[in-house]
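Each chain, letter by letter, is given below.
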Amino acid sequence: NTLRRRSMHELTEKWLENTNEEFRRNDIPHRQRPWLAWGEWAKYTGMPISMNDEVVKKIFSWFEKNTKAGSQHMGQMYTGVLYYDSCFWPVFIPIMYGTVKLDARNSLKTMPDPIVERLWADRNKLHEYISLWADCVDYALGLDDLQKRGGFGRFAQELLNSGDQQLKATIALLLENRPNPKAMESARMSTEMFLKVFLAAKAGLTEKEAKDKIRHDLEKALNRCLAFDAKSELQDIQPDLNVFPDIGDRYKGTDKPPRELWRAYAIAQLTGTTVARTLSGRDVRKTIRTS
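Not measured: the values here are computed from a predicted model.

## Comments concerning the overall build of the protein chain
Here is step 1 of the chain: Scanning the protein chain from N- to C-terminus turns up 11 helices and two strands.
Here is step 2 of the chain: Ordered by position in the sequence, the α and β elements of the protein chain form the string α-α-α-α-β-β-α-α-α-α-α-α-α.
Here is step 3 of the chain: Buried residues in the protein chain amount to 47% of all 291 residues.
Here is step 4 of the chain: A fraction of 66% describes how many contacts in the protein chain between residues 6 or more apart in sequence connect residues 24 or more apart.

Laid out in structure tokens, this is it:
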């Protein structure tokens, strides 16, 4: 049925030209046009379309040729962060189509080669990085799937979007010239949102229960997750939850050392990734090869 519905619609040059002409009349910036065209095509066909679909690649390719040079560079699918050698480094996850081969080294575009070589020579730190990198890949792909597929309720979807926003805010704050201690608060909120996503999607948590019974209690939220699934990898965050201050401390503006900020982000990222893996079924870890 899905293939039949897809075959009813073919992306044509005429459709792209007409869509671009409409964008021109409405003064839509060139950079936004392929993204809006993607949405228009999804509405036209009546089907959700993933970033990995070939038709999306064709849309971006057409706009790259027919709009201002360089304006359609799609950039990164997701940016995580690594703490190494006393610095926070962005971990870039590229946009992917179909089956691709990724190199974890290429995700550290801003890290000088000598530092990369030191990282690769340190087996413990390298293992830590590869684990984080795999988490970022699965989070990026899993979130993309979940946001387009849906199917697990309005409340869970709202929590998912909120958790993603807070996680990206955490990363942006850590990558400032001087890491911003507000990242601790964002990481805490992200962790809370993702734990509640798990409960809403898997255990039927309602908005009222989340507000009245869990509130902002991370331990209580995690314990309810593990009561539902004792084997969940969410258990891995339990020993480090104490890095987060009480929710009321967010008004104190306390400074935080980089290593504590790193632990907070790592918890938020692992929580988000575990939820994404659980709900989407994506897991690249079994495909990783190291040399």
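## Some remarks on the packing of aromatic side chains
Here is step 1 of the chain: Applying the stated criterion across every chain yields a total of 11 aromatic pairs.
Here is step 2 of the chain: For the pair phenylalanine 23 and phenylalanine 63, a centre-to-centre distance of 6.4 Å together with 35 degrees between the ring planes defines the contact as tilted. Here the residue phenylalanine 23 occupies a position in helix α2 (residues 13–25), and phenylalanine 63 occupies one in helix α4 (residues 54–66), the gap between them amounting to 40 residues. Each member of the pair phenylalanine 23 and phenylalanine 63 is classed as buried.
Here is step 3 of the chain: Judged by centre distance (5.9 Å) and plane angle (40 degrees), the rings of tryptophan 262 and tyrosine 265 are tilted. Taken together, the residues tryptophan 262 and tyrosine 265, both in helix α11 (residues 258–280) and three residues apart, mark about one turn of the helix.
Here is step 4 of the chain: For tyrosine 265, a relative accessible area of 0% translates into the label buried.
Here is step 5 of the chain: Here the aromatic residues Trp15, Trp41 and Tyr44 are joined through ring pairs into a cluster of three or more.

## Quick look at the pairing of strand β2 (residues 87–94)
Here is step 1 of the chain: Counting buried positions over the eight residues of β2 gives six, a clear majority of the element.
Here is step 2 of the chain: Relative to β2, strand β1 (residues 76–84) runs antiparallel, the two being bridged by eight bridges. Residue pairing across strands places leucine 82 opposite tryptophan 89, the latter belonging to β2.
Here is step 3 of the chain: Connecting β1 to the next strand, β2, in antiparallel fashion are two residues, including aspartate 85 with a positive phi near 55 degrees.

## Considerations on the pattern of salt bridges
Here is step 1 of the chain: As enumerated under the stated definition, the model contains 21 salt bridges in all.
Here is step 2 of the chain: Across the pair aspartate 85 and arginine 118 runs a salt bridge whose closest N-O atoms are separated by 3.2 Å. Of this pair, aspartate 85 sits in the loop between β1 and β2 while arginine 118 sits in helix α5 (residues 113–121), and the two are 33 residues apart along the sequence.
Here is step 3 of the chain: On the basis of relative accessible area, arginine 118 is assigned to the partly exposed category, the value being 43%.
Here is step 4 of the chain: Where salt bridges share partners, they join Asp135, Asp138, Glu233, Arg277, Asp283 and Arg285 into one cluster.

## A word on the environment of alanine 221
Here is step 1 of the chain: Relative to the elements of secondary structure, alanine 221 occurs in helix α10 (residues 218–228).
Here is step 2 of the chain: Residues alanine 221 and glutamate 192 lie 29 residues apart in sequence; the distance between their C-alpha atoms is 7.5 Å.
Here is step 3 of the chain: If near-sequence neighbours (up to four positions away) are discounted, alanine 221 is found in contact with Leu195, Leu199 and Ile214.

## Describing the packing of helix α3 (residues 33–45) against α4
For any two helices packed against each other, the geometry is given by the interaxial angle and the distance between the axes.
Here is step 1 of the chain: In contact at an axis separation of 9 Å, α3 and α4 are set at 140 degrees when each is read in the N-to-C sense. The angle between the axes of α3 and α4 places the two elements in the oblique class. In the crossing of α3 with α4, the sense of the turn from one axis to the other is right-handed. Side by side, α3 and α4 meet where Arg33, Pro34, Trp35, Ala37, Trp38 and Trp41 of the first sit next to Val55, Val56, Ile59, Phe60 and Phe63 of the second.
Here is step 2 of the chain: Looking at the contact of α3 with α4 residue by residue, the class counts come to 10 nonpolar, no polar and one charged.

## Some remarks on the nonpolar core
Here is step 1 of the chain: Ranked by size, the top nonpolar core spans 76 residues in total, and within it Tyr78, Leu82, Met111, Tyr129, Phe244 and Tyr265 carry the most contacts.
Here is step 2 of the chain: Ranked by residues supplied to this core, first place goes to helix α6 (residues 123–149) with 13 residues.
Here is step 3 of the chain: In this structure methionine 111 touches Leu82, Tyr84, Trp89, Val116 and Leu119, once residues within four positions along its chain are discounted.
Here is step 4 of the chain: Of all hydrophobic cores here, the second largest spans 16 residues; its members include Leu16, Ile28, Ala42 and Phe60.

## What about the environment of leucine 199?
Here is step 1 of the chain: Along the chain, leucine 199 turns up in helix α8 (residues 183–203).
Here is step 2 of the chain: On the accessibility criterion, leucine 199 (3% relative accessible area) is buried.
Here is step 3 of the chain: Between the alpha carbons of leucine 199 and alanine 221 there is a distance of 8.1 Å; along the sequence they are 22 residues apart.
Here is step 4 of the chain: Setting aside anything within four residues of it in sequence, one finds leucine 199 in contact with Gly204, Leu205, Ile214, Ala221, Arg224 and Cys225.

Parameters and conventions
Residues numbered from 1 in each chain as written. Predicted model: local features only at pLDDT ≥ 70, side-chain atom pairs only at ≥ 80, totals over all residues. Heavy atoms only, no water. Helix = DSSP H or I, 4+ residues; strand = E, 2+ residues; numbered from the N terminus. Buried < 20%, exposed > 50% of the residue type's maximum accessible area, 1.4 Å probe, protein only. Contact = heavy atoms within 4.5 Å. Phe/Tyr/Trp six-rings, centres within 6.5 Å; stacked < 30°, edge-to-face > 60°. Pairing = 2+ DSSP bridges. Salt bridge = Lys/Arg side-chain N within 4 Å of Asp/Glu carboxyl O. Axes fitted to C-alpha atoms, helices over the stretch in contact; angles between N-to-C directions. Parallel < 35°, antiparallel > 145°, perpendicular 65-115°, else oblique. Left-handed = near helix turned anticlockwise from the far one by under 90°. Nonpolar A, V, L, I, M, F, W, Y, C, P; charged D, E, K, R; others polar. Core = buried A, V, L, I, M, F, W, Y, C linked by side-chain atoms within 4.5 Å.

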